[in-house]
Amino acid sequence: MNPLVAPESSAHGGRTALSVNLNKVALLRNTRHLGIPSVTRAAIFVLEAGAQGITVHPRPDERHIRAGDVTDLAELLKAWPHVEYNIEGNPFHNLMDVIRAVRPHQATFVPDTVGQFTSDHGWTFPDDAERLRPLIEETRALGVRVSLFMDPIPEMMRAARDIGADRVELYTEAYASAWGTPRQAEVLDRYVRAAEAALSVGLGINAGHDLNRDNLTDFLRAVPGVQEVSIGHALVADALELGYTETIRDYQRCIQRAFAPQR
Ligand SMILES: CC(=O)[C@@H](O)[C@H](O)COP(=O)(O)O
Ligand SMILES: NCC(=O)COP(=O)(O)O
């Protein structure tokens, strides 16, 4: 399959790109044999509303995103040349076969076990470094950007760069849990320092997990250089209430507020 042409991956006009994770649309679809809600229709709605990317996490157990969804979306996105396709997964499980076949713009390596409830930790260095290195090399040789799912630990960033990663995705569950509590500032500062460390070694920065309309602006205001946020669970939940179009517009307003001059 021809590789998707990677668009310029910089933040959009200095703003952070919104990549919508469609896992939960697929999860609902899989509870009947009717094919609805459609994953590709959801992608069309969110892209027409202004999302800049699509993310999927085809887990080995296919609890939500299935192999057919991955290829259907790759086909769809050929008509959206400026939209980024981000495929997440564990490269020691099924992800590499997907990357070789589809060649998305970005692969996000996530250290999940096969039956894991959800993603809940990043890679650990130096433990994981040498076994990841050849898979990062192969993925980049296919023209696919590599992002490593990481906890916000500044000391881990140089190792991520040294094994060839282009970006890190900061795992934001700890921030999301602390948001709105007295621990928010302290936890957010960990992400600021991790982002500064990543930038200092030449890594790009993505972020994701449990981000939502309440916590997104504060995160992007504080954490430097975030090029992409991938958001799924809360966004799809919002879309069930507001519709895809209004939901995407709301998330884009949250992003824009982060970059607006503060009064
Ligand atoms: C890596 C990450 O934090 C999420 O993108 C992940 O895809 C969530 O997986 P579930 O949607 O299966 O919870
Ligand atoms: N990488 C994070 C992602 O794609 C979506 O995470 P969530 O918003 O479903 O928690």
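Residues numbered from 1 in each chain as written. Chains lettered and ligands numbered in written order. Predicted model: local features only at pLDDT ≥ 70, side-chain atom pairs only at ≥ 80, totals over all residues. Heavy atoms only, no water.

The name recorded for the chain in an unreviewed UniProt entry is Pyridoxine 5'-phosphate synthase, from Sphaerotilus montanus. UniProt lists a comment for the chain under the heading Sequence similarities (unreviewed entry), and it reads "Belongs to the PNP synthase family." What the UniProt record of the chain gives under Subcellular location (unreviewed entry) is the line "Cytoplasm". (UniProt positions renumbered as here; feature names shortened; annotations may be inferred.)

Caption draft 1: Structural detail: the environment of Asp120. Along the chain, the position of Asp120 falls in the loop between β4 (106–109) and α5 (129–141). Of the residues examined, Asp120 reaches a relative accessible area of 43% and is grouped as partly exposed. Sequence separation between Asp120 and Leu216 is 96 residues, and the spatial gap between their C-alpha atoms is 19 Å. Other than its neighbours up to four places away in sequence, Asp120 contacts Asp112 and Tyr171. Within the structure, the side chain of Asp120 is placed 2.6 Å from the side chain of His121, a separation counted as a polar contact. (Helix = DSSP H or I, 4+ residues; strand = E, 2+ residues; numbered from the N terminus. Buried < 20%, exposed > 50% of the residue type's maximum accessible area, 1.4 Å probe, protein only. Contact = heavy atoms within 4.5 Å. Polar contact = N/O pair within 3.5 Å; in protein donor to acceptor, adjacent residues only side chain to side chain.)

Caption draft 2: Molecular detail of helix α11 (residues 244–259). Along its 16 residues, α11 runs 23 Å from first to last C-alpha, staying within 8% of the 22 Å computed at 1.5 Å per residue. Turning to α11, the residues buried within the fold contact β1 (17–21), α2 (39–48), α9 (216–222), β8 (226–231) and α10 (233–242). (Expected span 1.5 Å × (residues − 1).)

Caption draft 3: Summary view of the side chain of Asp166. Structurally, the position occupied by Asp166 is in the loop between α6 (157–162) and β6 (167–171). Exposure remark for Asp166: the relative accessible area of 18% places this residue in the buried category. Each residue touching Asp166, except ones within four places of it in the same chain, is listed here: Arg140, Val144, Arg145, Val146, Arg161, Gly202, Leu203 and Gly204.

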